[in-house]
Amino acid sequence: MTIGRSFELPAQFAPDRARAKRVSWLSIALLTLGSIALWLTMGQSEAMKTAWVTEVLSILPAAAYLIATRYEFNPPTERFPFGYLRAISISYLVAAASLSLIGLWLLVDAVMKLVKQERPPVGTVLLLGHQFWAGWAMIGVLAASMLVGMLLGRLKKPLAERLHDKALKAEAEMNRGEWISEAAAIGGILLIGFGFWWGDAAAAAFISLEIVRDGWHNIRQVVGDLMDEAPTVMDRRDLEPLTRKLRESAQQLPWVERAAVRLREQGRALTGEVFVIPRAVTQNLTLQLEAATTDLSNLDWRLYGLVVVLVARLESETPPRM
Amino acid sequence: MHELIVAGLLLLACGGCRLPRDADHTLERVKHGTLRVGVIRNPPWVIDSTGDLRGVEVQLVEAMAAELNAGVAWIPGSESELLTSLHSRELDLVIGGLSGESPWKTRVAFTRRYYLDSTLVSPASSEGSGLSGDSVAFRTGNPAAVYLRKKGAIPVPVEDLAGAQRPIAASAWKLAALSRSGEGALLHTEQRIMAVAPGENAWLNWVEQWLARHGSSVPAMLRAGGK
């Protein structure tokens, strides 16, 4: 047993991790450019404003990811003896909570525009000596940002799956899901073009609903993590079979009579305890315990700081299923 | 990828049709009809001498109406009154030297600027730049005082700039009318715009394109004092 050892990602994941960081930097760069372009063409369209806020907000998770990956593998300290693995969850909670709040505010804003029947003026822009309807420029920028979102989603998804990285996965989903927002904004602008003034605020309301939905989904996921939820399968609510596998392996040890396991997700790693009742006559119990800890930890690369505890009796092998 | 194809088709489909359209058909209505124009007295943009309307923007609107074969109904009033009516589409256009930075810009549709109005500090013949530490005359009530103070000058309000012996802060066209040097330091710029009913985007686009074509004649009109 070692206290103060930091979690190590297996060497085969190092290139993926480096790649994930590069992709995050790329996201920040592209999304910043997108935000600037949307801001420049925004005008007084509510749909454009909402699409712009979405674009700016989608920088947040990428930035949070980069900040968190800087700290998550720091070795445990006297003050934080369990390490910094939860940095990712915390940064994600902050990002998701702000996302939901801003989404709600935008929704109220858009609904107010509809209620007060504020009509969006969209004038002309001057570009390379041509003066034309600003709506075309808006649609062009929205289409470009739609492509960027799809590209980023496509880059992040396989990385997230290999690294078992829920934060990155959620980010990929968010980037990919953005096409809906941008398509809605394009629809809103076209509706303005055809003289349906309500199209703008309606599109904005739809986009803000999407933001809120996204934020809520992410909050639920990350709160589960902070509540010591048992390991779940990526992207789904099903529990991973690892807990059961670990218990079975422990029970198969010749010196073990019964075993129980409790695991939680801690960012990228899984931590927890294996409780075992040793058989009455066991030689070299300490050495056996040491060997069992190593063997059980090797079952999955995510297991970190697994503790095997000797107990005299077990009331039950698993907590009740709710 | 389907979504991209759909978006592309939509764009192609709309390449042919003329966008944008008005929500309330203003452009169609004013062609060969009547243009309802709110006028705010504000020389030299709108000069109202006993019912006789003159001024730079009045001239512009008359030319605009001629191109549309439209008659003009001039409705005089205050800025807040006229812009409130414009917001509810009781008017088609409001003029009177409106500034692009006006807080009304989110409630009605402002056009692109047709003229950039710059406020300069014209030095008195004997003195230097007229900034930082110097006292500079401005017409009472003119916002130039704020910008002067920011630049470290001491603003001195006067009723009439014509007789002022010290440096004065005023618009370029005003300086020209007073035959003062326009070579002074730039204090502030303001966008001259017109206000259009919100949501009438074909009309807004028409006015903006018209102003872009005719904006170059504004300096000459200002030199003539809007007559």
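Residues numbered from 1 in each chain as written. Chains lettered and ligands numbered in written order. Predicted model: local features only at pLDDT ≥ 70, side-chain atom pairs only at ≥ 80, totals over all residues.

A. Focus on the overall build of chain A. Each helix and strand in chain A was counted, giving 9 helices and 5 strands. Counting from the amino terminus, helix and strand elements in chain A follow one another as α-α-α-α-β-β-α-α-α-α-β-β-α-β. Against the globule reference of 20 Å for 322 residues, chain A gives a C-alpha radius of gyration of 25 Å, more extended than a compact globule. Each principal axis of the C-alpha atoms in chain A carries an extent, and together these give about 90 × 40 × 30 Å. Evaluated residue by residue, chain A yields a buried proportion of 44% over its 322 residues. Within chain A, contacts between residues at least 6 apart in sequence are counted, and of these 69% link residues at least 24 apart. (Helix = DSSP H or I, 4+ residues; strand = E, 2+ residues; numbered from the N terminus. Rg over C-alpha atoms; globule rule 2.2 N^0.38 Å. Buried ≥ 20, exposed ≤ 12 C-beta atoms within 10 Å, placed from the backbone. Contact = placed C-beta atoms within 7 Å.)

B. Looking closely at helix α1 (residues 14–41) of chain A. Along its 28 residues, α1(A) runs 41 Å from first to last C-alpha, staying within 8% of the 40 Å computed at 1.5 Å per residue. Phi turns positive, to about 60 degrees, at G43(A), one or two residues after α1(A). (Expected span 1.5 Å × (residues − 1).)

C. Representation of the environment of L19(B) in the model. All names here are of chain B. Along the chain, L19 falls in the loop between α1 (2–16) and α2 (26–30). C-beta crowding within 10 Å serves as the criterion here: with 21 such atoms nearby, L19 is assigned to the buried category. Measuring from C-alpha to C-alpha, the distance between L19 and N205 comes to 9.7 Å, with 186 residues separating the pair along the chain.

D. Focus on the interface of chain A and chain B. In this complex, chain A contributes 21 residues to the contact, which on the side of chain B involves 22 residues. Contributions of two or more residues to the side of chain A that touches chain B are made by β2 (130–133), α5 (134–163) and α6 (166–193) of chain A. Ranked by the residues each element gives to the side of chain A that touches chain B, the list is headed by α6(A), at 6 residues.

E. Seen up close, the domain arrangement of chain B. Residues and elements named next belong to chain B. Domain boundaries in chain B define domain 1 (21–115 + 191–223) and domain 2 (117–190). Using C-alpha coordinates to define each centre, domain 1 is positioned 29 Å away from domain 2. Across the contact, 8 residues belong to domain 1 and 4 residues belong to domain 2. Put simply, the parts of the chain that give the side of domain 1 that touches domain 2 at least two residues each are β11 (185–196) and α8 (218–223). Residue classes in the side of domain 1 that touches domain 2 are distributed as 3 nonpolar, 2 polar and 3 charged. (Domains from an automatic or database assignment. Nonpolar A, V, L, I, M, F, W, Y, C, P; charged D, E, K, R; others polar.)

F. Quick peek at the sheet that holds strand β4 (residues 269–278) of chain A. Residues and elements named next belong to chain A. With mixed pairing, 3 strands are arranged side by side in an open sheet as β3-β4-β5. Both outer strands of the open sheet, β3 (256–266) and β5 (307–310), are each paired with one neighbouring strand and no more. Neighbour-to-neighbour, the strand axes of the sheet open up by a mean angle of 20 degrees, direction not taken into account. Contacting β3 and β4, helix α8 (residues 242–252) runs over the sheet at an angle of about 150 degrees to β3. (Pairing = 2+ DSSP bridges. Axes fitted to C-alpha atoms, helices over the stretch in contact; angles between N-to-C directions.)

G. Representation of the domain arrangement of chain A within the structure. All names here are of chain A. Looking at the assigned domains, one finds that chain A contains domain 1 (11–226) and domain 2 (242–310). Contacts between domain 1 and domain 2 engage 9 residues on the former and 6 residues on the latter. A per-element tally of the side of domain 1 that touches domain 2 places helix α4 (residues 87–115) first, with 3 residues.

H. Main features of α5(A). Relative to the 44 Å expected for 30 residues at 1.5 Å per residue, α5(A) spans 43 Å between its end C-alpha atoms, a close match to the ideal helical length. Directly after α5(A), the chain includes H164(A), whose backbone phi takes a positive value near 55 degrees.

I. Representation of unusual backbone geometry. P44(B) follows P43(B) through a cis peptide bond whose omega is 0 degrees. Mapped onto the fold, P44(B) is located in the loop between β1 (34–39) and β2 (47–49). In the Ramachandran plot, N284(A) falls in the positive-phi region, its phi being about 50 degrees despite a non-glycine side chain. Taking the number of C-beta atoms within 10 Å as the measure of exposure, N284(A) has 10 and is therefore exposed.

J. Here's a closer look at the nonpolar core. By size, the foremost hydrophobic cluster in this structure holds 60 residues, and its most contacted members are A185(A) and I207(A). Within the residue set of this core, elements represented by two or more residues are α1, α2 (46–57), α3 (59–71), α4, α5, α6 and α7 (198–226) of chain A. Looking at this core, the element that brings in the most residues is α6(A), giving 13 residues. Every residue in contact with A185(A), bar those within four places of it in the chain, is listed here: A47(A), M48(A), A51(A), L142(A), A203(A) and I207(A). Formed by 42 residues, the second largest nonpolar core is a distinct cluster that contains L86(B), L91(B), W206(B) and V218(B). (Core = buried A, V, L, I, M, F, W, Y, C linked by C-beta atoms within 7 Å.)

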